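Okay, here's what each chain looks like letter by letter:
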Amino acid sequence: MPHAQGRRILIFKRMSLCALALVCFLPLSALSQSNDQTNEQAALVRLVNAAYDAYRKKDEQALLSLSAESSPFFNEFKESMRREFVRNEKLKLELKRVLVLRVGVQGERARIRVVVNMSAFDKATGQPAEDERFREWDHLLYLRREGGVWKLWKFIDTAEEFANVFLAAKTSDAREKIVAERSQIMTVGLERGLQEQGRTLLEVKGDFQSALLILELALKFAEQLKDVEGRGGALVAIGDVHSAQGEYARAAEVYQRVMKLSEVMGIKWGVAAMLIKIGNIHYNQGDHRQALDYYQKSVKLYEELGSTLEIAYALASLGNAQFSQRDYQQALANYQRSLKIYERIFDRAGTAYLLDRIGAVMAELEKYEQAVEYHERSLKLYEAMGNRAMMAYSLNSVSNVRYRQGRAREAAALSSRAADLARASNSLETLWQALTSQGHAYRLLKQHTEARDAYAEAITVIEKLRGQAAGNEQDQQLFFESKTAPFLAMVELSLAQGDAPAALVYAERAKGRMLFDVLRNGRANITKSLTAQEQEQERSLNGQLIALNAALRRERLQSAPDQTRLAQLETRLQQARLEYDAYQTQLYASHPDLKMQRGEAAPLSPNEAASLLPDTKTILLEYVVTDEKTYLFTLSRKSNAGDAASGDVALKVYTINASNLEINALVKDFRRRLAQNSLDFKEAARHLYELVLRPAQKELDGKGVVCIIPSGELWELPFQALLSQPDRYFLEDHALFYAPSLSVLREIKRLRPLQDETASQAGNPLLVKTSLSVASQGQSLLALGNPSLSADVISRSKSASRDFSLGALPEAEREVKALGEIYGTQRSKILTGAAAREETVKTEAAKYPILHFATHATLDNAAPLYSHLLLASSSEQEDGFLEAREIMKLDLHADLVVLSACETARGSVRPGEGLIGMSWALFIAGTSTTVASQWAVDSASTARLMVEFHRQLQQSNRGTARTGKAEALRRAATQLMTDPKYRHPFFWSGFVVLGDGM
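Caption draft 1: Representation of the packing of aromatic side chains. For the structure shown, the criterion picks out 11 aromatic pairs. Centre to centre, the rings of phenylalanine 719 and tyrosine 738 are 6.1 Å apart; their planes meet at 55°, and the pair counts as tilted. Of the two residues, phenylalanine 719 sits in the loop between strand S8 (705-709) and strand S9 (723-725) while tyrosine 738 sits in strand S11 (residues 735-738), which places them 19 residues apart along the sequence. Neither phenylalanine 719 nor tyrosine 738 differs from the other in exposure class; each is buried. Considering the side-chain rings of phenylalanine 986 and phenylalanine 987, the 4.9 Å spacing of their centres and the 80° angle between planes classify their relative orientation as edge-to-face. For the residue pair phenylalanine 986 and phenylalanine 987, the accessibility class agrees, reading buried in each case. Cation over ring: lysine 154 sits above tyrosine 142, and NZ or CZ is 5.9 Å from the ring centre.

See the structure below:
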């Protein structure tokens, strides 16, 4: 019976087959080409003729009368025909071609191979039906003679027999022999049938290895037959196998090949299908915003094509993206709409999947028994199909509901079964989730050994999946952020068992992972790998962004901006960004050589932390915020011995009884009070100090430098403004700096472009070791301030804040000119007004060890890599928006970058990585330290703070005792706060040191 497999896309309007039926009308004239036909063969052909005719007419009684009731396949055949005729009720079937390839008779048994082309039309419209079952078929019909009358005994797709024999072969030589023997008569129907067999193995059986073997064979035959559509279908199915195994980079590469093929051939159905497939890659890697865009485009295109069947998968995928964004009602509506289609076409796999997804919605709505009912209905269907991979998926869904209900023992048993099935089917994505669920249940049962084993295996699987993820740095980061649960669980479990060193290692493995990989292994140079056509396409997409940014900028500069036009431009810009991001991912998928290199999971151990502790005056604080509690790790030196010996680092852990939600609320409230220059902040400042720092007071006493590794919302907390005493700020006694993780800090120090001996010889302590040109020129500073936006703007307004007000910043101009005096005219390049151009930064920044930007900035929390600094622009190639995504592509060698602008230390806080924004982009570009702001800063006080910060750095570098960046900022801030006008922490505590502050 023709049917559509669940959870897949019918690419290139291809057919799909089942194991019993598809009989078509075969006229006797089709045998006129055989000169030696016997009467026996003629009788057989008449039977086949009558069977095909009965199918075409939907005559169930006539068809069954031609079949042997004694056949073990009869009942299944009878049931499948009933379903088939219901599906064909609104169709008119027409025969296009029939070709009998072989007729064989041996006594009372016969075997016929026939190739048939049939088409279907909608009775109501007369248009070709969307139903893709009706294409070329290559079938084997088995018949037996009973009481002197031939009867149909068994129907099988030729490809099914081929696949069974091929997979049963024990060696590659045996398989090659089978291919050589059985492919002598190759048809498109056989090739397409092999695709269906591969999909059945993937989607119904969950047998990935066998599916890949058969699909690669189908691809080979499609290429031999020059069947372009068949080649596309086989490639899609191969991509699906890779995707099902979590091999997203390989899957993305295949899907991009098919997308290009679809576009070249003008096959809109193929484009719609590939939009979903590529969207799935983004979805599985955690980029749900990008996935949602792909799914919406696919649904829209299917609607334009008039789809009533193939749109089902697009709707289900759209529901998934909406579910991930907690839009449960809209997700439910799309799931239910998709489910009706799958049920109407008797697609068990699709029906099972949608039942499970509806169950997930019910669980989120806390309708637990309804959720279990849906999940169990899904499970029964998967069990009937023998699909182990999806059985594991549904079992784990039930386990999660039982865990929420507190039924831990039942949850553990269910997740254990799910894990076993996921292992057996090599379904790694489901496996790590099932293992994590298993660990949670065991922890609830106080079975800590079993919990640890489950979490450890889950982490091993996740690390393997990380090596298979596709895309650029941002794609890699998004992939990992949804997979930190077992790492954090191991932190808590290790602490419960008294193993603090192990807990710290797991905490490190859940932080800054993408930065660690980039710093350890370097970045891929995508530009060198692009073809001329790809470079042109990238330029075109980037050009759209530049044009839209420039249009927005011009409109905002108007004396009375048109709000409607601004909204339209913003909408177009968001769409252009999505298209640009999608193309970046495509490029990585099209160039496997650009695959991101993964660092071995070698996080910093407690004893290795000695390399980050130059003396006993320095302390490292690392936080881990979980759903229920917060943990504070402190690391400090026991002695001032030169090289750290084993055990030289003192590690302590403090448990803070504050959940993630509580921490978030407190931090947001405190940060808001400071950012608004509110006088009502001291109580919050004292409370937060007592909560997050007082537990480690004994370790903090006597420490001059504090490195903080935040977690979650603590990235937004200005620790420097907390009150350790009624009227004494934490910053007054401690120089502070922040890092994504201790492991990342270690890599930053390893790559830090400072070399004291070289600096001493050159007479400049801030030379870039890796740049010979800089060393020879002796240049230190590139500073840009108060860039010209428009003569009208500069004459019309002056901005007191460095937010996106677009007003002139005269204090910023004075700021950078003062820096030129501090560093000297020979060692600095100061650019203001029209000279402070984006183009200059991109061409000159790599030559300087210190970069300083005093300008406006804009934060984009939704898309942090589109946050930008506002500079001057004098060409159509640049819009004056130096975005974080552009900074990432620069090859910087800066030891220090100062972003003297608003909210440049903010961004999007992501699990598994930390703060994503300007500073993250600068780390990837090659910067070791960034000074940035946590809110919209006052321009006048900022200018004073920044000038004093640089003065402190330079004064110390001329002396014998070198001052670190964190200490230089502390001194500048404490000096500023002595002015009563600037005593409030709004003025002096907004800037922080990120990276290496020593």
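Caption draft 2: Seen up close, the sheet that holds strand S17 (residues 881-883). Taken together, the 3 strands give an open sheet; going across it, the order is S15-S16-S17, and neighbouring strands pair in antiparallel fashion. Of all strands in the sheet, those bounded by a partner on one side alone are strand S15 (857-858) and S17. The pairing of S15 with strand S16 (residues 868-870) spans 2 bridges and is antiparallel. Note on S16: the bridge partner recorded for alanine 857 is leucine 869.

Caption draft 3: Broad picture of the sheet that holds strand S3 (residues 136-146). Strands sit in the order S1-S2-S3-S4 across an open sheet of 4 strands; the sheet is antiparallel. For this open sheet the edge positions go to strand S1 (91-106) and strand S4 (149-157), each flanked by a neighbour on one side alone. In this sheet, adjacent strand axes meet at a mean angle of 30° when their direction is disregarded. Pairing between S3 and S4: 8 bridges, direction antiparallel. Across the sheet, the residue bridging to arginine 144 is lysine 151, located in S4. With respect to the sheet, helix H4 (residues 158-168) is in contact with strand S2 (109-122), S3 and S4, its orientation differing from that of S4 by roughly 60°.

Caption draft 4: View of a nonpolar patch on the surface. Among the surface-exposed residues, Val228, Val264 and Met265 lie close enough to one another that they form a single nonpolar patch of about 270 Å² accessible area. Topologically, valine 264 is positioned in helix H9 (residues 248-265).

Caption draft 5: The arrangement of the packing of helix H14 (residues 348-364) against helix H16 (residues 388-404) in detail. With their axes 11 Å apart at the nearest point, H14 and H16 run at an angle of 15° to one another. Taken together, H14 and H16 sit at an angle that is classed as roughly parallel. Handedness of the H14/H16 crossing: left-handed. Packed against H14, whose contacting residues are Tyr353, Asp356, Arg357, Ala363 and Glu364, the element H16 presents Met390, Tyr393, Ser394, Ser397, Val401 and Arg404 at the interface. Classifying every residue of the contact of H14 with H16 gives 5 nonpolar, 2 polar and 4 charged.

Caption draft 6: Broad picture of the nonpolar core. Grouped together as the largest cluster of nonpolar side chains are 261 residues, with contacts concentrated most on Leu194, Tyr623, Phe670, Val692, Leu693, Phe719 and Phe853. Ranked by size, the runner-up nonpolar core spans 32 residues in total, among them Ala51, Leu63, Val98 and Ala110.

Caption draft 7: Just the pattern of salt bridges, in detail. Counted according to the given criterion, the structure contains 56 salt bridges. Arginine 951 is paired through a salt bridge with glutamate 948; the nearest N and O atoms lie 3.1 Å apart. A residue pair is termed a helical-turn pair when its members lie 3 or 4 positions apart in one helix, as arginine 951 and glutamate 948 do in helix H38 (residues 939-958) at 3 residues. Accessibility expressed as a relative area gives 31% for arginine 951, which makes it partly exposed. Residues joined in a network through salt bridges with shared partners are Arg199, Glu203, Asp240 and Lys277.

Caption draft 8: Focus on the environment of arginine 750. Mapped onto the secondary structure, arginine 750 falls in helix H30 (residues 742-751). In this structure, the C-alpha to C-alpha distance between arginine 750 and leucine 519, residues 231 residues apart in sequence, is 9.2 Å.

Caption draft 9: Representation of unusual backbone geometry within the structure. Phi is positive for phenylalanine 346, which is not a glycine, with a value near 55°. Tracing the sequence through the fold places phenylalanine 346 in the loop between helix H13 (328-344) and H14. Phi angles above zero are rare outside glycine, and asparagine 786 is one such case at about 45°. The topology assignment puts asparagine 786 in strand S12 (residues 781-787). Since its relative accessible area comes to 11%, asparagine 786 is described here as buried.

Calculation rules
Residues numbered from 1 in each chain as written. Predicted model: local features only at pLDDT ≥ 70, side-chain atom pairs only at ≥ 80, totals over all residues. Heavy atoms only, no water. Phe/Tyr/Trp six-rings, centres within 6.5 Å; stacked < 30°, edge-to-face > 60°. Helix = DSSP H or I, 4+ residues; strand = E, 2+ residues; numbered from the N terminus. Buried < 20%, exposed > 50% of the residue type's maximum accessible area, 1.4 Å probe, protein only. Lys NZ or Arg CZ within 6 Å of the ring centre and 35° of its normal. Pairing = 2+ DSSP bridges. Axes fitted to C-alpha atoms, helices over the stretch in contact; angles between N-to-C directions. Contact = heavy atoms within 4.5 Å. Patch = residues over 30% accessible without salt bridge, like charges linked within 9 Å, V, L, I, M, F, W, Y side chains within 5 Å. Areas by Shrake-Rupley, 256 points an atom, 1.4 Å probe, with all protein chains shown as cover. Salt bridge = Lys/Arg side-chain N within 4 Å of Asp/Glu carboxyl O. Parallel < 35°, antiparallel > 145°, perpendicular 65-115°, else oblique. Left-handed = near helix turned anticlockwise from the far one by under 90°. Nonpolar A, V, L, I, M, F, W, Y, C, P; charged D, E, K, R; others polar. Core = buried A, V, L, I, M, F, W, Y, C linked by side-chain atoms within 4.5 Å.

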